[in-house]
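Listed below are the residues making up each chain.
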Amino acid sequence: MAFYGTSATGAGWIVPKKYIERVGEDAYKKAPVGAGPFKFAAFTPGIELTLEAFPDYWRKAPQVKRLVMRSIPDEATRAASVKTGEVDLAYLFGGAIASDLRRTPGIRVVAPLLYGVYWLDFLDQWDPKSPWHDRRVRLAANLAIDRAGINQAVYLGLSKLAHSFIPQGMEYFWAPPPYVFDPRRAKQLLAEAGYPNGFESGDLTGDTIYGVAIGEPVANSLQQVGIRLRLRPMERVAFFKEYGEKKLRGVVFSGSGAPGNAPIRLEQYAITGGRYAYGAYPDVDGLYTEQANEMNPRVRQQILHKMQQLIHERAMFGPVIEPAFLNGVGPRLEVHGLGLVANHAYSAPYEDLRLKKP
């Protein structure tokens with residue numbers, strides 16, 4: 001139920017059974033029928049989807065009569081579309097363009113927070129021959145990351161600094177002491193671990209979207225203390241495929257925006273057998289099994305907090321940021337819908353959208 005009906009899956013879509021059985025799936029794709037506040041009007045794959053208001057929607061009739069959703073892959077073009085009034089709301093801008101939009105009269109930058117976290121996954125910590133096997137090296141990397149500087153440069157200071165690979169708003173989250181930005185202490189730890197001049201660490205692999213925008217300043221932070229990484233961006237589908245198949249090495253710039261709770265994140269990234277877990281600790285594995293069989297919520301929370309505490313003490317990951325989603329909103333919208341649904345990146349519910357009166 002942590003995934004059902006959320007943005008993590010399409011399993012919760014409600015569609016009319018009899019209609020699909022009558023027309024078939026191919027015809028349904030051309031003329032879909034759902035249960036929402038807008039009905040299908042037209043669709044050009046890869047270009048745009050047009051919807052018209054359904055006035056008998058059970059919650060309330062939409063005030064906006066027509067929605068056109070357009071695919072505009074280029075960030076600068078999306079920004080220009082907001083400025084000219086061609087579109088009223090555009091998603092996903094980086095810090096530089098968002099800052100320019102913010103300076104534009106009549107344009108607002110609205111930044112809802114997500115269930116997302118970006119972090120470093122030290123894949124080679126399980127290899128005794130790797131520098132990352134030493135906790136002091138992993139701790140040094142955490143102290144070297146200028147999270148506040150990255151937040152300001154990439155997100156205009158609107159994101160949350162991450163303290164864990166589990167987001168702060170998630171059920172059963174344990175709040176660890178934050179890592180302080182301390183390059184001097186990071187260099188001391190590297191020297192104590194036998195790397196007074198730093199070391200070559202191979203690849204920092206991530207996707208071509210977030211792995212570059214945030215991965216690059218992270219790599220620069222590590223470079224300052226002597227941890228030299230080569231940024232290796234991969235196409236998003238290929239990246240997650242190789243990550244899940246345990247084909248990557250070095251350090252991964254990882255992230256997840258999937259809904260759920262702390263045990264779901266732990267299972268995928270920190271427990272033996274997890275899709276993205278390249279190794280695990282036996283005591284953490286044992287606690288995971290224990291909490292899964294615990295029926296008392298208070299006791300279960302204590303077990304899950306202990307797991308997260310052990311992971312933090314061992315510096316198993318390098319949390320970076322809980323990103324805000326920077327969006328541009330034009331002057332025609334009175335209610336844009338961003339942030340109305342907690343931890344949701346996009347405008348919703350659509351029936352609440354409202355245009356200003358002429």
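If you're wondering where the values come from, they're calculated on a predicted model, not measured in any experiment.

One open sheet holds the three strands; their spatial order is S4-S12-S5, and the pairing between them is antiparallel. Pairing within the sheet leaves two strands with one partner each, and these edge strands are strand S4 (89-90) and strand S5 (108-110). Bridge analysis of S5 against strand S12 (residues 327-329) gives three bridges, and the strand direction is antiparallel. Among the inter-strand pairings, Val109 is bridged to a residue of S12, identified as Gly328.

Mapping Thr205 onto the fold places it in strand S8 (residues 199-207). The class of Thr205 is buried, set by a relative accessible area of 1%. With sequence-adjacent residues up to four places away left out, Thr205 is seen in contact with Arg232, Met234, Phe239, Leu248, Val251, Val252 and Phe253.

Our focus in this paragraph is empty space enclosed by the protein. All chains considered together, the criterion is met by two cavities of 30 Å³ or more. By volume, the largest cavity amounts to about 100 Å³. Listing elements by their share of the lining of the largest cavity, those giving two or more residues are helix H13 (297-313) and strand S11 (317-322). If one sorts the elements of the lining of the largest cavity by residue count, H13 sits on top with three residues. Looking at the lining of the largest cavity, its residues break down into eight nonpolar, four polar and no charged.

Time to look at the environment of Ala348. With respect to the element layout, Ala348 can be found in the loop between strand S13 (333-335) and strand S14 (354-355). Ala348 gets classed as buried once you look at its relative accessible area, which sits at 15%. Leave out the neighbours within four places in its chain, and Ala348 touches Gly337, Leu340 and Val341.

Right, let's get into the sheet that holds strand S1 (residues 38-44). The strand order across the open sheet formed by three strands is S1-S2-S3, and the pairing between neighbours is antiparallel. Only two strands of the sheet have a single partner each, and these edge strands are S1 and strand S3 (66-70). If you compare each strand with its neighbour and ignore which way they point, the axes differ by 20 degrees on average. Inspection of the sheet shows strand S2 (residues 48-53) paired to S3 by five bridges, in the antiparallel sense. Residue pairing in the sheet places Leu49 in a bridge with Met69 of S3.

Turning our attention to the side chain of Thr50. By the secondary structure assignment, Thr50 is in strand S2. Accessibility expressed as a relative area gives 8% for Thr50, which makes it buried. Every residue in contact with Thr50, bar those within four places of it in the chain, is listed here: Lys39, Phe40, Ala41, Ala42, Arg66, Leu67 and Val68.

Formed by 49 residues in total, the largest nonpolar core has its most connected members in Leu120, Ile214, Leu222, Ile227 and Phe253. Residues contacting Leu120, with those up to four places away along its chain left out, are Ile145, Leu204, Val218, Leu222, Val251, Val252, Phe253, Phe317, Gly318 and Val320. Counting 31 residues, the second-largest nonpolar core is a separate cluster that includes Met170, Tyr172, Tyr288 and Ile311.

Quick look at helix H6 (residues 147-155) now. Those residues of H6 not exposed but buried are Arg147, Ile150, Asn151, Val154 and Tyr155. Along the axis of H6, the buried residues cluster in a sector spanning 100 degrees; they form a single face. One or two positions beyond H6, positive phi appears at Leu156, with a value near 60 degrees.

Right, let's talk about unusual backbone geometry for a bit. The peptide bond linking Ala348 to Pro349 adopts the cis configuration, its omega dihedral lying at -10 degrees. Secondary-structure assignment places Pro349 in the loop between S13 and S14. Even without being a glycine, Lys246 presents a positive backbone phi close to 60 degrees. Inspection of the secondary structure assignment puts Lys246 in the loop between helix H10 (236-244) and strand S10 (251-256). One non-glycine residue, Ala315, adopts positive backbone phi at about 50 degrees. On the secondary structure map, Ala315 appears in the loop between H13 and S11.

Next up on the list: the packing of aromatic side chains. Applying the stated criterion across every chain yields a total of 23 aromatic pairs. Arranged with centres 6.4 Å apart and planes meeting at 75 degrees, the rings of Phe165 and Tyr269 form a pair that is edge-to-face. Placement of Phe165 in the loop between strand S7 (160-161) and helix H7 (183-192) and of Tyr269 in helix H11 (residues 262-269) is noted, with a sequence separation of 104 residues between them. A connected cluster of aromatic rings, assembled from ring pairs, spans Trp119, Phe165, Phe239, Phe240, Tyr243, Tyr269, Tyr276, Tyr278 and Phe317. Here the guanidinium or amino end of Arg78 rests over the ring plane of Phe93, the centre of that ring lying 5.4 Å away.

According to the stated counting rule, one finds 16 salt bridges in the structure shown. Of the charged contacts, one joins Lys247 and Glu245 as a salt bridge, the two residues approaching to 3.0 Å between their closest N and O atoms. Classification of Glu245 by relative accessible area gives partly exposed; the value is 35%. Among the ionic contacts, a cluster of salt bridges with common partners joins Arg59, Lys60, Glu351 and Asp352.

Parameters and conventions
Residues numbered from 1 in each chain as written. Predicted model: local features only at pLDDT ≥ 70, side-chain atom pairs only at ≥ 80, totals over all residues. Heavy atoms only, no water. Pairing = 2+ DSSP bridges. Helix = DSSP H or I, 4+ residues; strand = E, 2+ residues; numbered from the N terminus. Buried < 20%, exposed > 50% of the residue type's maximum accessible area, 1.4 Å probe, protein only. Contact = heavy atoms within 4.5 Å. 1 Å grid on protein atoms, 1.4 Å probe; cavity = no way out; pocket = protein on both sides within 12 Å on 5 of 7 lines; lining within 4 Å. Points joined across faces, edges and corners; volume = space filled by probe spheres on them. Nonpolar A, V, L, I, M, F, W, Y, C, P; charged D, E, K, R; others polar. Axes fitted to C-alpha atoms, helices over the stretch in contact; angles between N-to-C directions. Core = buried A, V, L, I, M, F, W, Y, C linked by side-chain atoms within 4.5 Å. Arc of directions from axis to C-beta. Phe/Tyr/Trp six-rings, centres within 6.5 Å; stacked < 30°, edge-to-face > 60°. Lys NZ or Arg CZ within 6 Å of the ring centre and 35° of its normal. Salt bridge = Lys/Arg side-chain N within 4 Å of Asp/Glu carboxyl O.

This is a description of form; function is not addressed.
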